[in-house]
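# Remarks on the overall topology
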Amino acid sequence: MPQVEFHHGIGDKQAYACRLLRKASRAGVQLVVTGDVAALQALDRLLWVFDDQEFLPHVLSTGGASLPERLHATPVWLSDDPASVPGARSVLVNLGREVPPGAERFDRLFDLVSSQPDDRQEGRARWKAYAARGWDVRPHEVKEGAAP
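Described in the following lines is the structure provided in the data block. (Residues numbered from 1 in each chain as written. Predicted model: local features only at pLDDT ≥ 70, side-chain atom pairs only at ≥ 80, totals over all residues. Heavy atoms only, no water.)

## What about the nonpolar core?
Membership of the largest hydrophobic core comes to 21 residues, with the highest contact counts inside it found for L21, V33, L43, V93 and L112. Sorting the residues of this core by element identifies α1 (13-26), β2 (31-34), α2 (37-49), β4 (76-79), β5 (91-94) and β6 (108-114) as the ones contributing at least two each. When residues in this core are grouped by element, the largest group, six residues, is from α1. Membership of the second largest hydrophobic core comes to 15 residues, among which are V4, V32, A103 and V113. (Core = buried A, V, L, I, M, F, W, Y, C linked by side-chain atoms within 4.5 Å. Buried < 20%, exposed > 50% of the residue type's maximum accessible area, 1.4 Å probe, protein only. Helix = DSSP H or I, 4+ residues; strand = E, 2+ residues; numbered from the N terminus.)

Written as structure tokens, this is what we have:
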């Protein structure tokens, strides 16, 4: 049963995700980020430039594309199909609008919700869906400019 950390009130989900991924990477966590293809492509571009002092190794895998085995050990995967990501990964970060497919595969799920009204409404629906599955959902209100 996954533990869901529901991060809400985020001003810029992409920038927040970059900081969260950097923190997880520094801790040695291997994880998957999921959402729609456009959001993942934007995050992929941002991960190359958000910190000019370090590089965060990551792979973008969308549309069920098969990637070479040498990339399987990359610590951060951006995928619209988290259930298909190879290897044992314990953390999933959701940038999407729905409960991610295959979320039950992960021990821990970070669901990121912006302060935008539509995103907040969709976030509430996901919260209810997680709770209905019996998952442990914990709120984490994000203060503007705060680090994850």
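Once you've had a look at it, read on.
## A few points about the sheet that holds β2
The parallel open sheet is built from seven strands, whose spatial order is β3-β4-β2-β5-β6-β1-β7. The strands lining the two open edges of the sheet, one partner per strand, are β3 (58-61) and β7 (136-141). Mean inter-strand twist for the sheet, computed between neighbouring axes without regard to direction, equals 20°. Two strands pair when backbone bridges link them, and β2 and β4 are joined in this way by three bridges, in the parallel orientation. The partner of V32 across the bridge, within β4, is W77. Along the sheet, α1 contacts β1 (3-10), β2, β4, β5, β6 and β7; its crossing angle with β6, the most-contacted strand, is approximately 155°. Sitting on the sheet, α2 touches β2, β3 and β4, and the angle it makes with β3 is about 160°. (Pairing = 2+ DSSP bridges. Axes fitted to C-alpha atoms, helices over the stretch in contact; angles between N-to-C directions. Contact = heavy atoms within 4.5 Å.)

## Thoughts on a nonpolar patch on the surface
On the surface, W48, V49 and F55 cluster together to form a nonpolar patch covering roughly 360 Å² of accessible area. Secondary-structure assignment places F55 in the loop between α2 and β3. (Patch = residues over 30% accessible without salt bridge, like charges linked within 9 Å, V, L, I, M, F, W, Y side chains within 5 Å. Areas by Shrake-Rupley, 256 points an atom, 1.4 Å probe, with all protein chains shown as cover. Salt bridge = Lys/Arg side-chain N within 4 Å of Asp/Glu carboxyl O.)

## A look at the packing of aromatic side chains
Under the counting rule described, the total for this entry stands at three aromatic pairs. Ring geometry for F6 and W127: centres 5.0 Å apart, planes at 80°, overall edge-to-face. Within this pair, whereas F6 is found in strand β1, its partner W127 is found in helix α3 (residues 117-132), the two being separated by 121 residues in sequence. F6 sits in the buried class, given a relative accessible area of 5%. The class of W127 is partly exposed, set by a relative accessible area of 28%. A ring pair is formed by Y130 and W135, whose centres lie 5.7 Å apart and whose planes are at 15°; its orientation type is stacked. (Phe/Tyr/Trp six-rings, centres within 6.5 Å; stacked < 30°, edge-to-face > 60°.)

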